[in-house]
Amino acid sequence: MRVKNILSDIPLVIADLEVHLNGELRSSPTLCALLPASGNQGARVVPLNTPDGRPILLNMDNAIALNEEPLQA
């Protein structure tokens, strides 16, 4: 296996995401791609793993809009 070329420069972040699960509010650190604002869309975060750590493919349907600046650790 080899890398032919890098197509885009997207920063990876670990975000503490909250989700309602079975009537409870839970949070977990999640590996995410941080997409900058472009066109008429604001900045977005796309999760790259499930709350239990299983990897998922980058899927724009999972994008979470950043309505405000997230807190930096």
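See the structure shown above.
This text gives an overview of the structure that appears in the document. The model shown is predicted, which means the values in this text are computed figures rather than measured ones.

A short note on the overall build of the protein chain
Okay, step 1: A count of helical and extended segments in the protein chain gives zero helices and four strands.
Okay, step 2: Going from the N terminus to the C terminus, the protein chain shows its helices and strands as β-β-β-β.
Okay, step 3: Each of the 73 residues in the protein chain was classed as buried or not, and the buried ones make up 18%.
Okay, step 4: Considering only residue pairs separated by 6 or more positions, the protein chain has 9% of its internal contacts joining residues 24 or more positions apart.
Okay, step 5: Carbon and sulfur atoms provide 56% of the accessible area of the protein chain, an area that totals close to 6,400 Å².
Okay, step 6: Positive and negative side-chain charges in the protein chain, numbering 5 and 8 respectively, have mean positions lying 16 Å apart.

What about the pairing of strand β2 (residues 24-35)?
Okay, step 1: Pairing between strand β1 (residues 12-21) and β2: ten bridges, direction antiparallel. Within β2, the position partnered with A15 by the bridge is T30.
Okay, step 2: Joining the antiparallel neighbours β1 and β2 is a turn of two residues, in which N22 adopts a positive phi near 55°.
Okay, step 3: In terms of strand pairing, β2 meets strand β3 (residues 44-47) through four bridges, oriented antiparallel. Bridge pairing in β3 places A33 opposite V46.

Details of the sheet that holds β2
Okay, step 1: Taking strand neighbours across the sheet as the criterion, the four strands line up as β1-β2-β3-β4 in an open arrangement whose pairing is antiparallel. The open sheet is flanked by β1 and β4 (64-65), the only strands paired with a single partner.

Thoughts on a nonpolar patch on the surface
Okay, step 1: Side chains of L12, I14 and L31 sit close together on the surface and give an oily, nonpolar patch of about 320 Å² of accessible area.
Okay, step 2: Assignment of secondary structure puts L12 in strand β1.
Okay, step 3: Here L12 falls in the exposed class, since its relative accessible area comes to 57%.

Calculation criteria
- Residues numbered from 1 in each chain as written.
- Predicted model: local features only at pLDDT ≥ 70, side-chain atom pairs only at ≥ 80, totals over all residues.
- Heavy atoms only, no water.
- Helix = DSSP H or I, 4+ residues; strand = E, 2+ residues; numbered from the N terminus.
- Buried < 20%, exposed > 50% of the residue type's maximum accessible area, 1.4 Å probe, protein only.
- Contact = heavy atoms within 4.5 Å.
- Areas by Shrake-Rupley, 256 points an atom, 1.4 Å probe, with all protein chains shown as cover.
- Lys, Arg positive; Asp, Glu negative; His and termini not counted.
- Charge placed at Lys NZ, Arg CZ, Asp CG, Glu CD.
- Pairing = 2+ DSSP bridges.
- Patch = residues over 30% accessible without salt bridge, like charges linked within 9 Å, V, L, I, M, F, W, Y side chains within 5 Å.
- Salt bridge = Lys/Arg side-chain N within 4 Å of Asp/Glu carboxyl O.

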